[in-house]
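As a plain string of letters, each chain reads:
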Amino acid sequence: MGSIKRLGRDKLLVALGLPGAIALILFQYVPLLGNVIAFQDYQPYLEINEAPFVGLENFSFLWDGNVQFLNALVNTLTLTVIQTVLVFPVPLVLALLLNSLAGERLKRLLQSILYLPHFLSWVIVVALFQQMLGNAGMLNTFLVQNDFPLIQIIGVPELFKALITAQVIWKDAGWGTIIFLAAISQIDQEQYEAAAVDGANAWQRLINITLPALKGLFILLLILRLGNSLSVGFEQIILQQGPVGLEASEVLDTWVYNNGIIGGNWGMSTAAGLVKSVVGIGLVIGANKLAHLFGERGVYSK
């Protein structure tokens, strides 16, 4: 009864949130019904209810040693580990560095510069890296003009994962600092003042005040990141697959695209996407339970 009364008082908020809720249901939850294709021999010219049921046949890639799938899985897991270990902490480090700056004007200028790449599409980001690091790019042009040997980066399979990681850091690390800077601004400044009076230097204040205050937020974001950890950048990778080949660049998302949209194997591709989603849910639940063991709330409490 109390909830109904509160909704009546907050009619404006409900009206503002309703379009977003409807869009979420229509474009996020209703399409989940399409996962039934994973258990069918689906063809685009048939309605979903007309496609023959094939059980778990489309999931055979999990146990029949599908070489292409295994290659995509290994590449995905490798990029997941790299991006979790190297990319995920970068926004926190940047936020701490920005927060240590004394001048507000300089801080805002650097924030604007760091935020800008987030608003560029992956097409533009990939093109920029090619213009900078390609065989005929600015770096190699400078090296040739100064009688240095060429450095091949773009199109080299062995360097592809490092290139992908560098692009992700350049594009999104600055944007990720927003939530950490907001959390830092909520820390009681009297704690810093009291620590300074007690003789604590800047490093000690960071270790004993700032980082403990950000621990819960960091764990929450890490849990959410794990839920989407098997999605390592479809558009970014598909744009650069040609020069390096599938063996070095194929990940689960591009494997689904190449098999489903290009190869016409709709059922198997849907099955792979469903498995990836289930694994993501499992990672979130497992990581959340682990957070509870360390005394953190996580995504949801017990």
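Up top you'll find the structure we're talking about.
Residues numbered from 1 in each chain as written. Predicted model: local features only at pLDDT ≥ 70, side-chain atom pairs only at ≥ 80, totals over all residues. Heavy atoms only, no water.

J.: Now, about the overall build of the protein: what can you tell me, with residues and values included?
T.: Each helix and strand in the protein was counted, giving 15 helices and zero strands. Taken over the C-alpha atoms alone, the protein extends approximately 80 × 75 × 40 Å along its principal axes. Pairs at least 24 residues apart make up 64% of the contacts formed inside the protein by residues separated by at least 6 positions. Summing over all exposed atoms, the protein offers an accessible surface of approximately 18400 Å²; the carbon and sulfur share of this is 67%. Taken together, the 16 basic and 19 acidic charged side chains of the protein have centroids lying 15 Å from each other. (Helix = DSSP H or I, 4+ residues; strand = E, 2+ residues; numbered from the N terminus. Contact = heavy atoms within 4.5 Å. Areas by Shrake-Rupley, 256 points an atom, 1.4 Å probe, with all protein chains shown as cover. Lys, Arg positive; Asp, Glu negative; His and termini not counted. Charge placed at Lys NZ, Arg CZ, Asp CG, Glu CD.)

J.: So what's going on with the side chain of Ser-269? Residues and values would help.
T.: The residue Ser-269 is located in helix α15 (residues 266-293) in this model. Each residue touching Ser-269, except ones within four places of it in the same chain, is listed here: Val-256, Asn-259 and Gly-260.

J.: Before we move on, can you summarise a nonpolar patch on the surface with the specific residues and values?
T.: On the surface, a nonpolar cluster with roughly 1000 Å² of combined accessible area is contributed by Leu-18, Ile-22, Leu-24, Ile-25, Leu-26, Phe-27, Tyr-29, Val-30, Leu-32 and Leu-33. For Leu-32, the location among the structural elements is in the loop between α2 (11-29) and α3 (67-87). Take Leu-32: its relative accessible area is 48%, and that puts it in the partly exposed class. (Patch = residues over 30% accessible without salt bridge, like charges linked within 9 Å, V, L, I, M, F, W, Y side chains within 5 Å. Salt bridge = Lys/Arg side-chain N within 4 Å of Asp/Glu carboxyl O. Buried < 20%, exposed > 50% of the residue type's maximum accessible area, 1.4 Å probe, protein only.)

J.: Got a sec to walk through the packing of aromatic side chains? Specific residues and values, please.
T.: Enumeration over the complete set of coordinates arrives at nine aromatic pairs. An angle of 40 degrees between the planes, with centres 5.4 Å apart, marks the rings of Phe-39 and Phe-59 as tilted. Here Phe-59 lies in the loop between α2 and α3 and Phe-39 lies in the loop between α2 and α3, a separation of 20 residues in the sequence. Residue classification places Phe-39 among the partly exposed positions, given a relative accessible area of 27%. (Phe/Tyr/Trp six-rings, centres within 6.5 Å; stacked < 30°, edge-to-face > 60°.)

J.: Describe the layout of surface pockets, naming the residues involved and giving the relevant values.
T.: Over the atoms a probe the size of a water molecule is rolled, and this reveals where empty space is left. What the largest pocket holds in volume is close to 700 Å³. Along the wall of the largest pocket there are 23 residues; nearest its centre are Val-87, Phe-88, Val-168, Asp-172 and Arg-225. Elements with a minimum of two residues in the lining of the largest pocket: α3, α8 (160-185), α10 (202-227) and α11 (234-238). Counting residues per element, the lining of the largest pocket draws most heavily on α8, which supplies seven residues. Residues that form the lining of the largest pocket fall into these classes: 13 nonpolar, seven polar and three charged. In this structure, the second largest pocket encloses a volume near 520 Å³. Residue lining of the second largest pocket: 21 residues in total, with Val-256, Ser-269, Thr-270, Gly-273 and Leu-274 positioned closest to the centre. When residues of the lining of the second largest pocket are traced back to their parent elements, those giving at least two are α14 (252-262) and α15. A per-element tally of the lining of the second largest pocket places α15 first, with eight residues. Class assignment of the residues belonging to the lining of the second largest pocket gives a composition of twelve nonpolar, seven polar and two charged. (1 Å grid on protein atoms, 1.4 Å probe; cavity = no way out; pocket = protein on both sides within 12 Å on 5 of 7 lines; lining within 4 Å. Points joined across faces, edges and corners; volume = space filled by probe spheres on them. Nonpolar A, V, L, I, M, F, W, Y, C, P; charged D, E, K, R; others polar.)

Nothing here speaks to function; it is all geometry.
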